[in-house]
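Residues per chain, in single letters:
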Amino acid sequence: MPEALAIDGGRPVRSALLPYGRQTVDEMDVSAVVAALRSGWLTTGPAVKAFEDDFAACVGARHAVAVSSGTAALHAAMHALRIGPGDEVIVPPVTFAATANAVLFVGGRPVFADVDADTLLMDPASVEGVMTPRTRAVIGVDFAGQPCAYDRLRDTVGKQGVTVVSDACHALGGALRGVPVGQLADLSVFSFHPVKHVTTCEGGMIVTDNAGLADRMRAFRNHCMTVDHHGRAASASWGYEIAELGFNYRISDVQCALGRSQLRRLTEWVDRRRSIAARYDEMLADIPAIVPLALRPEVEHAYHLYVVQLDLDRLTVDRGAVFAALRAEGIGVNVHYIPVHLQPLYRERLGTGPGDCPVAEAAYERILSLPVFAGMTDADVEDVIAALRKVIRAYLRS
Ligand SMILES: *Cc1c(COP(=O)(O)O)cnc(C)c1O
């Protein structure tokens, strides 16, 4: 007799839910935050610049601009590129909504290109298919932490003068052909939400080698004022000009102190995520009906997520039932993402809908994200595997 599933009243693999992602905060982080609080600066002080410098050095980019969230970072990138009404920006549907929303923030039109079925990364052939003379930029999303084929994207769009932006919110610490994420696009965007690789509680960063774009983003996070308070202090003057519409997207010194402290452990944490992924790879090889996303040989994956696809033909139930059964076992699986073009906002505003991106829509019915974060113990990983074995055994078609 196979063991009864927790969802059917059996004993769960874990009594407390293991989340799919969680921050690691240690006493060094706490000390860094306390020191920032005591420093006399709460916002837009030396820690912001220091965090930007550390981050730029970490990814090997010339300029880094820190802002209040990854979403603000995407918005700043669209502003810097002067995307506006009449402009189209190509995005994948397999992403967090903020990627496409940022195009709407500036009055542009997001255009969805479908993804590759095995990696769920934007398919350059699909990008080519949706390009028009209005295409101004393409935002690649390094889904789950695997960098997109930026080289192929650039070949596809570069000739037309289209800018390549990277939504690298999943991929800090990753690389393509040995080139780190952050150097793969004209602008690369990161998030420091607690489930991402390093956290500032809330926060984001844009990196670029283009000084002009960096200046525009620095101004944008502070109402597009021509001179910030450091400049006014230096010139002993109150004068500034506002020629464009900006926002308050500033990040605090306290947050940046945390970010700097966290960044020191990035390599260690990415290595830990990779070793968890390697264990999943090894064990999933003999659990039927669960197929991890394909890994392209030329990439170094950063494993923000570990995403699998269910082979539904081999199961007696759908993804929803597998999800519920795993949750009942205490495993905090998740689904990334509901395709953005199926959200009511997009259907109503842009007339998108089912059939626009058939590969993404089909994948959506089969995907699950397994827990992966630096603080996961080996025992946590084994619990996930035990729960997968248990649930799949119960639902495998005979
Ligand atoms: C997290 C994330 C964002 C948004 O970041 P926030 O810091 O939460 O605003 C954007 N795009 C992707 C792909 C993300 O994962």
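Residues numbered from 1 in each chain as written. Predicted model: local features only at pLDDT ≥ 70, side-chain atom pairs only at ≥ 80, totals over all residues. Heavy atoms only, no water.

Chemist: With reference to specific residues and values, describe the overall build of the protein chain.
Modeler: On a plain count of helices and strands, the protein chain comes out with 14 helices and 13 strands. Seen through its principal axes, the protein chain has C-alpha atoms that stretch 80 × 55 × 40 Å. Counting over 398 residues, the protein chain shows a buried share of 55%. Considering only residue pairs separated by 6 or more positions, the protein chain has 73% of its internal contacts joining residues 24 or more positions apart. Looking at the protein chain as shown, the accessible area adds up to about 16700 Å², and 53% of this sits on carbon and sulfur atoms. Put simply, the protein chain has 38 plus and 46 minus side-chain charges, and the middle of one group is 3 Å from the middle of the other. (Helix = DSSP H or I, 4+ residues; strand = E, 2+ residues; numbered from the N terminus. Buried < 20%, exposed > 50% of the residue type's maximum accessible area, 1.4 Å probe, protein only. Contact = heavy atoms within 4.5 Å. Areas by Shrake-Rupley, 256 points an atom, 1.4 Å probe, with all protein chains shown as cover. Lys, Arg positive; Asp, Glu negative; His and termini not counted. Charge placed at Lys NZ, Arg CZ, Asp CG, Glu CD.)

Chemist: An account of the nonpolar core is needed here, citing residue identities and associated values.
Modeler: Formed by 95 residues in total, the largest nonpolar core has its most connected members in F55, M78, V138, F143, F190, M205 and I206. If you tally residues by element for this core, the top one is helix α3 (residues 70-80), at seven residues. Dropping the residues within four chain positions of it, V138 is found in contact with V89, I90, M122, V127, L153, V157, V162, T163, V164 and V165. Core analysis: the next-biggest nonpolar cluster, separate from the first, contains 33 residues, M283, I331, F373 and L388 among them. (Core = buried A, V, L, I, M, F, W, Y, C linked by side-chain atoms within 4.5 Å.)

Chemist: Please provide a residue-by-residue account of helix α9 (residues 253-263), values included.
Modeler: Counting buried residues in α9 gives ten out of eleven residues, a clear majority hidden from the surface. Three or more residues of α9 are buried, namely D253, V254, Q255, C256, A257, L258, G259, S261, Q262 and L263. Buried residues in α9 make contact with α1 (27-38), α2 (46-59) and α10 (266-284).

Chemist: Talk me through the pattern of salt bridges; I want residue IDs and the actual numbers.
Modeler: One pass over the full model with this rule turns up 19 salt bridges. Residues D53 and K49 are paired through a salt bridge, measuring 2.8 Å at the closest nitrogen-oxygen approach. Within this pair, D53 and its partner K49 are both found in helix α2, separated by four residues, close to a single helical turn. Residue K49 is classed as partly exposed on the basis of its relative accessible area of 48%. (Salt bridge = Lys/Arg side-chain N within 4 Å of Asp/Glu carboxyl O.)

Chemist: Now, about the pairing of strand β4 (residues 135-141): what can you tell me, with residues and values included?
Modeler: β4 sits mainly inside the fold: six of its seven residues count as buried. The pairing of strand β2 (residues 88-91) with β4 spans three bridges and is parallel. Each residue of the ladder has a partner; that of I90, found in β4, is V138. Note that the unit made of β4, helix α6 (residues 150-157) and strand β5 (residues 163-167) has a crossover that is right-handed. (Pairing = 2+ DSSP bridges. Right-handed = clockwise from strand over helix to strand, strands pointing away.)

Chemist: Lay out the site of the ligand with the relevant residues and their values.
Modeler: Every one of the 14 residues lining the ligand counts as a neighbour, but G70, T71, D167, S191 and K196 are closest to it. One of the side-chain nitrogen or oxygen atoms of T71 is found 2.5 Å away from an oxygen atom of the ligand. K196 is positioned with one of its side-chain polar atoms (N or O) 3.0 Å from an oxygen atom of the ligand. In the complex, 92% of the free accessible area of the ligand, which totals 380 Å², lies under the protein chains. (Near = heavy atom within 4 Å. Polar contact = N/O pair within 3.5 Å; in protein donor to acceptor, adjacent residues only side chain to side chain.)

Chemist: Which residues make up the sheet that holds strand β3 (residues 109-112), and what are the values?
Modeler: Strands sit in the order β1-β9-β8-β5-β4-β2-β3 across an open sheet of seven strands; the sheet is mixed. The open sheet terminates on both sides in strands that have one partner only, identified here as β1 (63-67) and β3. Looking at each pair of strands side by side, their axes are set apart by 25° on average, direction ignored. Where β1 lies against strand β9 (residues 204-208), five bridges are found, and the strand directions are antiparallel. Bridged to V67 within β9 is G204. With respect to the sheet, helix α4 (residues 98-105) is in contact with β2, β3, β4 and β5, its orientation differing from that of β3 by roughly 145°. (Axes fitted to C-alpha atoms, helices over the stretch in contact; angles between N-to-C directions.)

Chemist: Break down the sheet that holds strand β11 (residues 299-300) for me, with residues and values.
Modeler: Spatially, β7-β6-β11 is the arrangement adopted by the three strands of the open sheet, whose pairing is antiparallel. Of all the strands in the sheet, just β7 (179-180) and β11 have a single pairing partner and so form its edges. With two bridges connecting them, strand β6 (residues 175-176) and β7 associate as antiparallel partners. Within the sheet, the bridge partner assigned to A175 lies in β7 and is P180.

Chemist: I'd like a rundown of the packing of α10 against helix α14 (residues 378-395), residues and numbers included.
Modeler: The geometry of α10 relative to α14 is characterised by a closest axis approach of 11 Å and an angle of 30° between their N-to-C directions. Classified by the angle between their axes, α10 and α14 sit roughly parallel to one another. The chirality of how α10 crosses α14 is right-handed. Listed contacts from α14 to R272, I276, R279, Y280, M283 and L284 of α10 are D378, V381, E382, V384, I385, L388 and R389. In terms of residue class, the contact of α10 with α14 is made up of eight nonpolar, no polar and five charged. (Parallel < 35°, antiparallel > 145°, perpendicular 65-115°, else oblique. Left-handed = near helix turned anticlockwise from the far one by under 90°. Nonpolar A, V, L, I, M, F, W, Y, C, P; charged D, E, K, R; others polar.)

Chemist: So what's going on with unusual backbone geometry? Residues and values would help.
Modeler: For the peptide bond that leads from H336 to Y337, omega is 5°, which places it in the cis range. Mapping Y337 onto the fold places it in the loop between α11 (319-328) and α12 (344-350). Backbone geometry at A289 places phi at a positive 70°, although glycine is not the residue there. Inspection of the secondary structure puts A289 in the loop between α10 and β10 (290-292). In this structure A289 comes out as buried when scored by relative accessible area, which is 6%. We note that Y303 has phi near 50°; this positive angle belongs to a residue other than glycine. Secondary-structure assignment places Y303 in the loop between β11 and β12 (306-310).

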